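The chain contents come next:
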Amino acid sequence: MCAWYWLVIFIHVTKYYNQELKNSKQKFGVSIKWRALYILVWRRVAREVRNMESGKRGFLALLPLLLSFLFYFDFSKKLPSSDCSLLPHNHYWIASKRIVTPNGTISGAVEIKQGRIISIVAEENWHVNSRSTAVVNYGEAVVMPGFIDVHAHLDDPGRAEWEGFPSGTKAAAAGGVTTLVDMPLNSAPSTVSEETLKLKVDAAEGRVYVDVGFWGGLVPENAENASSLERLLNAGVLGLKSFMVPSGINDFPMTTSSHIKEALPTLARYKRPLLVHAEVEVNLDGKLEMEDGVDNARSYSTYLKTRPASMEEAAINQLITLSKDTRAGGSAEGAHLHIVHLSDARTSLNLIKEAKQRGDSITVETCPHYLAFAAEDIPDGDTRFKCAPPIRDAANKEKLWDALLDGDIDMLSSDHSPAVPELKLLNEGDFLKAWGGVSSLQFVLPATWTYGRKYGITFEQLASWWSEKPAKLAGLTTKGAIAVGNQADIVVWEPDVEFNLDNDYPVHIKHPSISAYMGSRLAGKVLSTFVRGNLVYKEGNHTSQACALPILHR
Ligand SMILES: NC(=O)N[C@H]1NC(=O)NC1=O
Ligand SMILES: [Zn+2]
Ligand SMILES: [Zn+2]
């Protein structure tokens, strides 16, 4: 009799333990409590039964078995409300008339259990017993895979006054971004070694509202030292990032194309990508002489002249010489080059297209600010728009849209690169001295939608540019699509709802005053954001605990 009880307890507790281990650590904490309670109760029952007359024992022996089955199948459905999710269920359905899946947009429901998507059902085949399983019905709102932003500078640790893991990931959640990949520079120290990656992971632990992966920095020191690069890759960075011009950060020196060439075989062995800030110094032939003296530094066109398209073109020319080796059978097969934040839609883009046609393993991203703004519209002194490479003319912007719609630009990213407002020199408005970087993390979904609507962009395209392709680049095999087996990273949003980004709007990035989007009217309001099944953001509110996770390459 006693053995019966212990066997049942053992099987179910082990099963529960395994399920919970796969889940977030907070739920694991809950399960420890439940496991302890479970064991105590059944020990007590076992003792009582042993003291009973034998006639009653038979029936009572079945009782724990029955209840254990309930535990096994049903108990996990309704966990008590936890601080990790604004929804007190870990088995539920999300229903909507517009669910964006890799097989098109359907009306139906997505079943989520223990943080994973376990089924996707079209409306006509959906027969759920809503008394036993919770249903969250979003009506006409769009249910899409959560955005994956492969290019964000969270500056934590070391410059958390610029941004930080809590503020940056709250902004991400409020904007429908469910995974960020953090850039290796602007935090202090830069993420260029196993040790500095550990500082990042420690700083992120327990402080992130969306999942965060990390790019490591490729700098001359580790480019010339294969074993230190290997240690950084072994420590779990999702890939590397390097600059071909000075980065503006002292402990993140630039790499030349020979550094990159040297690192590619190591990246090939590890099958991880190298992301490159593709601008190189070119001879500006006196173009920089100011016609009207220093006052001109308040004009965006002055800044634009300091970073002409030829800087991007020259860098990309060097890169596509190296990307030849990434082809099938090449010496760096398995490595991949990814050009970040492309601004030049003319020659640079053609060079990338040609390299792709030849079979090189190369991709390119651009950012919403290059698709939303044009250089000639930027007001004098408005350094919120300063970034590198710069925002170019309106005709270039049209070409960027064409390239995105044609698939020549693979994906989008924010390049959220904030600083403290003092460094933006908003009062002086000096474009040459101000910090270069656009703050946009919370607004990338509405910005892409607002400026893309007139080009007829579809929800499927949004999902490809912001989820599917970024997931592939970062090697996130269980993210990036609403598909069975994937983690339940989901954004729910209303495409037709417009809002003013004014001082009353709840902005979560650390310094709203430096964001180029403040003051604009945008369409596309995020209602809910789910990260691995946890409802981390709902209509202006975040969970009380930051239960998302740092992601390391496995
Ligand atoms: N250091 C840094 O974040 N630089 C970024 N800012 C920007 O505008 N372009 C960049 O590469
Ligand atoms: Zn850059
Ligand atoms: Zn950047």
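Bear in mind that the values here come from a model prediction, so they are computed numbers and not experimental data.

Conventions we followed
- Residues numbered from 1 in each chain as written.
- Chains lettered and ligands numbered in written order.
- Predicted model: local features only at pLDDT ≥ 70, side-chain atom pairs only at ≥ 80, totals over all residues.
- Heavy atoms only, no water.
- Helix = DSSP H or I, 4+ residues; strand = E, 2+ residues; numbered from the N terminus.
- Buried < 20%, exposed > 50% of the residue type's maximum accessible area, 1.4 Å probe, protein only.
- Contact = heavy atoms within 4.5 Å.
- Areas by Shrake-Rupley, 256 points an atom, 1.4 Å probe, with all protein chains shown as cover.
- Axes fitted to C-alpha atoms, helices over the stretch in contact; angles between N-to-C directions.
- Parallel < 35°, antiparallel > 145°, perpendicular 65-115°, else oblique.
- Left-handed = near helix turned anticlockwise from the far one by under 90°.
- Nonpolar A, V, L, I, M, F, W, Y, C, P; charged D, E, K, R; others polar.
- Near = heavy atom within 4 Å.
- Polar contact = N/O pair within 3.5 Å; in protein donor to acceptor, adjacent residues only side chain to side chain.

J.: An account of the overall build of the chain is needed here, citing residue identities and associated values.
T.: Scanning the chain from N- to C-terminus turns up 16 helices and 19 strands. Of all 554 residues assigned to the chain, the portion counted as buried reaches 58%. Considering only contacts within the chain whose residues lie at least 6 apart along the sequence, 77% involve residues at least 24 apart. Entry remark: accessible area of the chain is about 22200 Å², with carbon and sulfur atoms responsible for 53%.

J.: Describe in detail the packing of helix 15 (residues 444–452) against helix 16 (residues 459–474), supporting the description with residues and values.
T.: Where helix 15 contacts helix 16, the axes come no closer than 12 Å and their chain directions differ by 135°. Of the possible angle classes, the one that applies to helix 15 and helix 16 is oblique. Crossing handedness for the pair helix 15 and helix 16: right-handed. For the pair formed by helix 15 and helix 16, the contact residues are Val444, Thr448 and Trp449 on the first element and Phe459, Leu462 and Trp466 on the second. Class assignment of the residues belonging to the contact of helix 15 with helix 16 gives a composition of five nonpolar, one polar and no charged.

J.: Lay out the environment of Gly206 in plain terms, naming residues and giving numbers.
T.: By the secondary structure assignment, Gly206 is in the loop between helix 5 (194–204) and strand 8 (211–214). Gly206 sits 113 residues away from Leu319 along the chain, and the two C-alpha atoms are 38 Å apart.

J.: Tell me about the site of ligand 1, residues and numbers included.
T.: Close contacts around ligand 1 come from 14 residues, with Asn186, His277, Ala388, Ser417 and Gly436 the closest. A distance of 3.4 Å is found between a nitrogen atom of ligand 1 and a backbone nitrogen or oxygen belonging to Ser247. Gly437 places a polar main-chain atom, nitrogen or oxygen, 3.4 Å from an oxygen atom of ligand 1. Notes on ligand 1: free accessible area 290 Å², of which the protein chains cover 97%. The residue inventory of the shell around ligand 1, partitioned by class, reads five nonpolar, eight polar and one charged.

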